[in-house]
Amino acid sequence: MNTEPDLLIGSQWRHAADGGTRQIVNPANGTVIATVDEATHDDALAAVAAARATFDAGEWPATPVSERAALLDRIADLLLRDKEPLAELETADTGKTLAESRIDIDDVVSVFRYYARLVATQSDRLVDVGDAGVISRVVHEPIGVCVLIAPWNYPLLQISWKIAPALAAGCTMVAKPSEVTPLSTIAFVRLAQEAGVPAGVLNLVQGSGAAVGAALTDNPDVDFISFTGGLSTGQHIARTAADHVSKVALELGGKNPHIVFADADWESSIDQVLTGVFLHSGQVCSAGTRLIVEESIADDFVAALAERAATIRMGDGTDPASETGPLVSKQHLEKVESYVALGIAEGAKLIVGGARPSDPALADGYFYLPTIFDRCDRSMRIVSEETFGPILTVERFTDEAEAIMLGNDTQYGLAAGVRTSDPARGERVVRALRHGTVWLNDFGYYTAAAEWGGFGKSGNGRELGPSGLAEYQELKHIWQNTAPKPAGWFGARNDG
Ligand code: TXE
């Protein structure tokens, strides 16, 4: 039984219209930790209608930029106040370690602070049209009603990459967290209300993609859909949105190469290849799941990696000794297991992992051992498809051109890493890789101030940075004549 309503539609917190609920499970031990309202198709339509009515009423989009920036800062302040309970909720819901959840909340704070500053300093553009009597300006307007759909690996972080710029731009919105991990988003929306987000600006529905997601995306009242999730879902949303000519931005994951040349620094390379793929049990869109290593060091490198991978401590994320947590759900665990079976069937050489851990203390959770496959090649599905689990595949190269070719040999293009001590080669390879983020002698880092997004089937559009705000804005050209006179086109030429 769910007592407190979890759906925010307009000014009202509501239960689902049909009383439906969903149980939320802690993936570290399989226990039910919450029961939340499961919105119906009609609830989702009502949420979009509330966002539409609020936008069209005009008050929020016309709010001075300084007030919107101040609101974002108040949200950031409250996030800091509630950092610990929010981090605990995120860990209970996703299984990630508390240390990771705390970093996530800090990053969420940074996103709100960044967009508060950015929008407050954004200026219109004056255009010289060659006529002193004309003032020509290009100004920013909010794009309108936004639908924000987030996945389960970074629930609060991903939705905040969308909510912060949407609020900054003056949009109204409906947020839909993943049905698997809605808890931190529900808590966040309550916090945003406390910070003073006006009624109807931020609406919240959670539920399945099939019912709720479809109602939100197949909807003529929606101006912009920002989606982070799987490739096939993104393709479906883009097709549906085309009927309404709603703008769509997609972040659809990746199959990210981590290229190691023989002259790379050994210790940091081993350490970062390991972290790059096994952090959060590989449930990271930018995880470095494809090690592409120079043949001359490959045997030693893979052996050293395997040794380290076997010592990664898995456990409940609330235990400070745990270095990584479980997979998010039983269903996802089974998907990862099926990829390992596929890798073996395809002829890849299993070096380490390839099983659930034997520790009985982990038996009720959805844990899976860090797994490395050597002797992989481009023809294998385990190399080309996103497994979203703790699986590293190893491919070998003999020269720079082959490294680049392999690094670009993916339908995705979200992120890549390059490791070499030769700066000129580093620059050549970084520029040749067709990926949205490329790390040189580093891996995994990002900042709210720089764009994030993908080439190829990793999606389109950008989050974070100035472009992340631009997604939520329309540009309007205002042509103003300060000394109007007749155009003199019709009738004038015959007279002359
Ligand atoms: O994603 P879905 P799933 C990848 C990863 C993973 C795979 C499937 O490879 O194994 O996707 O994960 C909502 N209309 N990524 O099934 O279904 C859904 O409710 C509108 C990469 O969990 O794409 C949820 O809120 N919305 C990724 C969100 O889409 C719909 C992170 C994501 O769920 C919908 C997660 C529909 N028809 C998974 N169907 C990344 N880019 O980081 C579903 N949803």
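Cut-offs and rules
Residues numbered from 1 in each chain as written. Predicted model: local features only at pLDDT ≥ 70, side-chain atom pairs only at ≥ 80, totals over all residues. Heavy atoms only, no water. UniProt positions renumbered as here; feature names shortened; annotations may be inferred. 1 Å grid on protein atoms, 1.4 Å probe; cavity = no way out; pocket = protein on both sides within 12 Å on 5 of 7 lines; lining within 4 Å. Points joined across faces, edges and corners; volume = space filled by probe spheres on them. Helix = DSSP H or I, 4+ residues; strand = E, 2+ residues; numbered from the N terminus. Nonpolar A, V, L, I, M, F, W, Y, C, P; charged D, E, K, R; others polar. Buried < 20%, exposed > 50% of the residue type's maximum accessible area, 1.4 Å probe, protein only. Contact = heavy atoms within 4.5 Å.

- The protein goes by Betaine-aldehyde dehydrogenase in an unreviewed UniProt entry, where it is assigned to Mycolicibacterium mageritense.
- Per UniProt, the protein carries the Sequence similarities (unreviewed entry) text "Belongs to the aldehyde dehydrogenase family."
- Its UniProt record gives the protein a comment under Pathway (unreviewed entry), which states: "Amine and polyamine biosynthesis; betaine biosynthesis via choline pathway; betaine from betaine aldehyde: step 1/1."

Some thoughts on empty space enclosed by the protein
Point 1. Evaluation of the coordinates by the stated rule reveals two cavities of 30 Å³ or more.
Point 2. Taken as a whole, the largest cavity spans an internal volume of roughly 80 Å³.
Point 3. Residue lining of the largest cavity: 16 residues in total, with Ala249, Asn460, Gly461, Arg462 and Glu463 positioned closest to the centre.
Point 4. Of all the secondary structure elements, the ones that give two or more residues to the lining of the largest cavity are strand E10 (224–228) and strand E11 (247–251).
Point 5. The leading source of residues in the lining of the largest cavity is E10, at four residues.
Point 6. A per-class count over the lining of the largest cavity returns six nonpolar, five polar and five charged.
Point 7. By volume, the second largest cavity is sized at about 40 Å³.
Point 8. Forming the boundary of the second largest cavity are Gly254, Asn256, Gly282, Val284, Cys285, Ala287, Thr289, Glu386, Thr387 and Phe388.

Section: helix H7 (residues 209–217)
Point 1. Within H7 the residues assigned to the buried category are Val212, Gly213, Ala215, Leu216 and Thr217.
Point 2. Elements that come into contact with the buried residues of H7 comprise helix H1 (41–57), strand E7 (145–149), strand E8 (172–176), E10 and helix H8 (231–244).

Comments concerning the layout of surface pockets
Point 1. Volume-wise, the largest pocket comes out at about 1,200 Å³.
Point 2. Taken together, 46 residues line the largest pocket, and the ones lying closest to its centre are Trp152, Ser178, Gly229, Gly230 and Thr233.
Point 3. Elements with a minimum of two residues in the lining of the largest pocket: strand E3 (21–26), H7, E10, H8 and helix H11 (330–346).
Point 4. Considered class by class, the residues forming the lining of the largest pocket number 18 nonpolar, 19 polar and nine charged.
Point 5. Its boundaries defined by the atoms lining it, the second largest pocket holds a volume of some 980 Å³.
Point 6. Lining the second largest pocket are 38 residues, and of these Glu100, Ile103, Tyr154, Thr275 and Leu279 lie nearest its centre.

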